[in-house]
Amino acid sequence: MSQFWDYNQAILDAPQELFYRFQLNPVHGVPIMKPIADNWERIEAFQARPDDLLVATYPKAGTTWMQEIVDSIINDGDLKKVKCAPMHVRFPFLEICNPPPVPCGVDILEGTTSPRKIKTHLPYELIPRSFWEHDCKVIYVARNAKDSAVSYYHFDLMEKTQPHPGTWEEYVGKFLKGNVPWGGWFDHVIGWWKARAKHQILYMFYEDMKEDPKREIHKVMRFLGKDLTEDLLEKICQHTSFKAMKENPMANYSTTPASVLDQSISKFMRKGEVSDWKNHFTVQQNEMLDAEYQKRMEGTDLKFRFSI
């Protein structure tokens, strides 16, 4: 484990001019930060293992929340084990790349012993084929488009390696066109939804998780082949509440250097609410997104709730 603690140190030791807002380059039509695009061949050729577990999401859709739930279940509610290291250590980020000497996600994962827990924001069509060849389990979390846009906007204000989001009005336009890192929300959620028929994918909804955390945690438990007691489920439910995680340095990314995540601008774990979009969207912006939603979701049986 100690080798992975060097990730933060590598960032601190590296020349700070290496960390700037990277431009977006297309990878098979999907806009991705330049260091990831430059290393795409290695990422695409990544060799999964049969017991790998992948947590996949569009950015800011409850990724960290699901990771903490999964780790708590896998460790049978033993919170000492869950709190052994920061999230990026427990769940290496598959496609993330930074300029040397900072290690890339593939480098870290190749040195990680099995069973591996892996994070990705890649759309389904960009996932390395080896995951499907080994029939790996995947948990995908989807969040409604409006709250996703708000959360992603605030994240991009403080995430120093992604393009600056500009004003909120500018960002809404970029979001609707898919001109943001990891591409468009619609393509992402629909692509993974359709993939459920072909692979071991548990498709979860952020709004369901907020509405009844214990019910949704139980679904994850069953998918992972675990059978925990009600007391342990309740313990996990409390441990993975937004309040508990926001105060947990092993989950709130407070250990990440400010050269990458400047939490003086916005907290990594900001609100964690459903319907915060109502505090940001103008009437016109809301109508624009509703029109795009109706057009893009037509013909699918995928449905989202914008309030609970």
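Look up a bit, the structure's there.
Nothing here was measured: the structure is a model prediction, and the numbers come from that model. (Residues numbered from 1 in each chain as written. Predicted model: local features only at pLDDT ≥ 70, side-chain atom pairs only at ≥ 80, totals over all residues. Heavy atoms only, no water.)

A. How the structure looks around the overall build of the chain. Along the backbone of the chain there are 16 helices and 6 strands. Against the 2.2 N^0.38 benchmark of 19 Å for 308 residues, the chain shows a C-alpha radius of gyration of 18 Å, consistent with a compact globule. Projected onto its principal axes, the C-alpha positions of the chain cover 50 × 50 × 40 Å. When the 308 residues of the chain are sorted by exposure, 60% land in the buried category. Looking at the chain alone, contacts between residues at least 24 apart form 75% of all its contacts between residues at least 6 apart. Carbon and sulfur atoms form 51% of the exposed surface of the chain, whose accessible area is close to 13,600 Å². The chain carries 39 positive and 42 negative side-chain charges, and their two centres are separated by 2 Å. (Helix = DSSP H or I, 4+ residues; strand = E, 2+ residues; numbered from the N terminus. Rg over C-alpha atoms; globule rule 2.2 N^0.38 Å. Buried < 20%, exposed > 50% of the residue type's maximum accessible area, 1.4 Å probe, protein only. Contact = heavy atoms within 4.5 Å. Areas by Shrake-Rupley, 256 points an atom, 1.4 Å probe, with all protein chains shown as cover. Lys, Arg positive; Asp, Glu negative; His and termini not counted. Charge placed at Lys NZ, Arg CZ, Asp CG, Glu CD.)

B. Focus on the nonpolar core. In this structure, M66, F131, W185, W192, Y203, V220 and F304 are the most contacted members of the largest nonpolar core, which totals 96 residues. Looking at which element gives the most residues to this core, the answer is helix 9 (residues 145-158), with 8 residues. With residues near it in sequence (within four places) discarded, V220 still touches M66, I69, V70, I73, I139, L202 and M204. (Core = buried A, V, L, I, M, F, W, Y, C linked by side-chain atoms within 4.5 Å.)

C. Region of the structure containing the side chain of N75. Topologically, N75 is positioned in the loop between helix 4 (63-74) and helix 5 (79-82). A distance of 3.0 Å separates a polar side-chain atom of N75 from the backbone oxygen of D71. Discounting residues that sit within four places of it in the chain, N75 has contacts with K81 and V82. (Polar contact = N/O pair within 3.5 Å; in protein donor to acceptor, adjacent residues only side chain to side chain.)

D. Looking closely at the state of the cysteines. Evaluated as defined, the whole model comprises 0 disulfides. Counting only cysteine sulfurs, C97 is the nearest neighbor of C104, a cysteine outside any disulfide, at a range of 3.1 Å. C104 sits in the buried class, given a relative accessible area of 8%. (Disulfide = S-S within 2.5 Å.)

E. Local environment of the environment of T63. On the secondary structure map, T63 appears in helix 4. A relative accessible area of 6% means that T63 is categorised as buried. Considered as a pair, T63 and A142 are 79 residues apart in the sequence and their alpha carbons are 9.3 Å apart.

F. Inspection of the sheet that holds strand 5 (residues 137-142) at higher detail. Within the open sheet, the 4 strands sit side by side as 4-3-5-6. Their pairing is parallel. Unpaired on one side and paired on the other, strand 4 (117-120) and strand 6 (201-205) mark the two borders of the sheet. Averaged over all neighbouring strand pairs, the angle between strand axes comes to 20 degrees, with direction disregarded. In terms of strand pairing, strand 5 meets strand 6 through 5 bridges, oriented parallel. Directly across from A142, in strand 6, lies its bridge partner F205. Its contacts with the sheet put helix 11 (residues 185-195) on strand 3 (53-57), strand 5 and strand 6, and the angle it makes with strand 6 is roughly 140 degrees. On top of the sheet, helix 13 (residues 213-223) reaches strand 5 and strand 6; it is set at about 175 degrees to strand 6, its chief contact. (Pairing = 2+ DSSP bridges. Axes fitted to C-alpha atoms, helices over the stretch in contact; angles between N-to-C directions.)

G. Spotlight on the pattern of salt bridges. For the structure shown, the criterion picks out 23 salt bridges. When the shortest N-O distance is used, the salt bridge between D107 and R42 registers 2.8 Å. Taken together, the residues D107 in helix 7 (residues 105-110) and R42 in helix 3 (residues 40-44) connect sequence positions 65 residues apart. Overall, the relative accessible area of 36% leaves R42 in the partly exposed class. In this structure, R270 and D276 form a salt bridge, with 2.8 Å as the shortest nitrogen-oxygen distance. A relative accessible area of 3% places D276 in the buried class. (Salt bridge = Lys/Arg side-chain N within 4 Å of Asp/Glu carboxyl O.)

The quantities given are spatial measurements derived from coordinates; they are silent on function.
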